[in-house]
Amino acid sequence: HRQSHVHPEALHCIGYGDGGGGPTAEMCERVRRLGDLQGMPASRWGTIEGFFERLESKKALLPTWQGEMYLEYHRGVQTTHGNLKAAFRGLERGLQIHEAVRCVTGGGPVGDHAWKRLVFSQFHDYIPGSSIQRVYDEGVPELESLGEGAVSAAADELSVGGDSTAG
């Protein structure tokens, strides 16, 4: 981290938040094994409060941010939930195709339900793959169904010459 010369610690939270149950035994064992491994940063257990108490005396030496701050690093992150990302991309493409058909045929805008579900899936832990399993059990089939529905509606509208009342 860029300010390690000012404050040599970095905070790294582990576990599954948002109802996910906290750290697993495997995570705890990894911290124990890597805690003093040569070539790796030292790791130790602590509290968030303790970290910020130690940081307090150095805060004047650290850069500050003025204005709105929105951390966008969760976008496009790697995940083990490739099926979720595929369903997400499928819905995104399906909606783009449906909108293109509407433009070509002079139809009105595509309904906003599928767009709202697409945007919702970008929220918080969904797309990065850090939600609880139930999110994926319910979300992947929904996104797949909406994506297939958008492509199907576009095909139907092309075949009937631009019926803008569909979907």
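Residues numbered from 1 in each chain as written. Predicted model: local features only at pLDDT ≥ 70, side-chain atom pairs only at ≥ 80, totals over all residues. Heavy atoms only, no water.

Position of Y16 among the secondary structure elements: in the segment before α1 (25–34). For Y16, a relative accessible area of 44% corresponds to the partly exposed category. With residues near it in sequence (within four places) discarded, Y16 still touches G21, G22, P23, T24 and M27. (Helix = DSSP H or I, 4+ residues; strand = E, 2+ residues; numbered from the N terminus. Buried < 20%, exposed > 50% of the residue type's maximum accessible area, 1.4 Å probe, protein only. Contact = heavy atoms within 4.5 Å.)

Once that is clear, we can look at the packing of aromatic side chains. Following the criterion strictly, the structure yields 1 aromatic pair and no others. Seen in terms of ring centroids, F51 and F52 are 5.1 Å apart; in terms of plane orientation they differ by 85 degrees. Their pairing is edge-to-face. With a relative accessible area of 44%, F52 lands in the partly exposed category. (Phe/Tyr/Trp six-rings, centres within 6.5 Å; stacked < 30°, edge-to-face > 60°.)

To continue, consider helix α4 (residues 112–121). Among all positions of α4, only A114, L118 and S121 are buried. Buried residues of α4, viewed axially, fall in a sector of 65 degrees; they line one side. Looking at the buried positions of α4, the neighbouring elements they touch are α3 (82–105) and α5 (133–159). (Arc of directions from axis to C-beta.)

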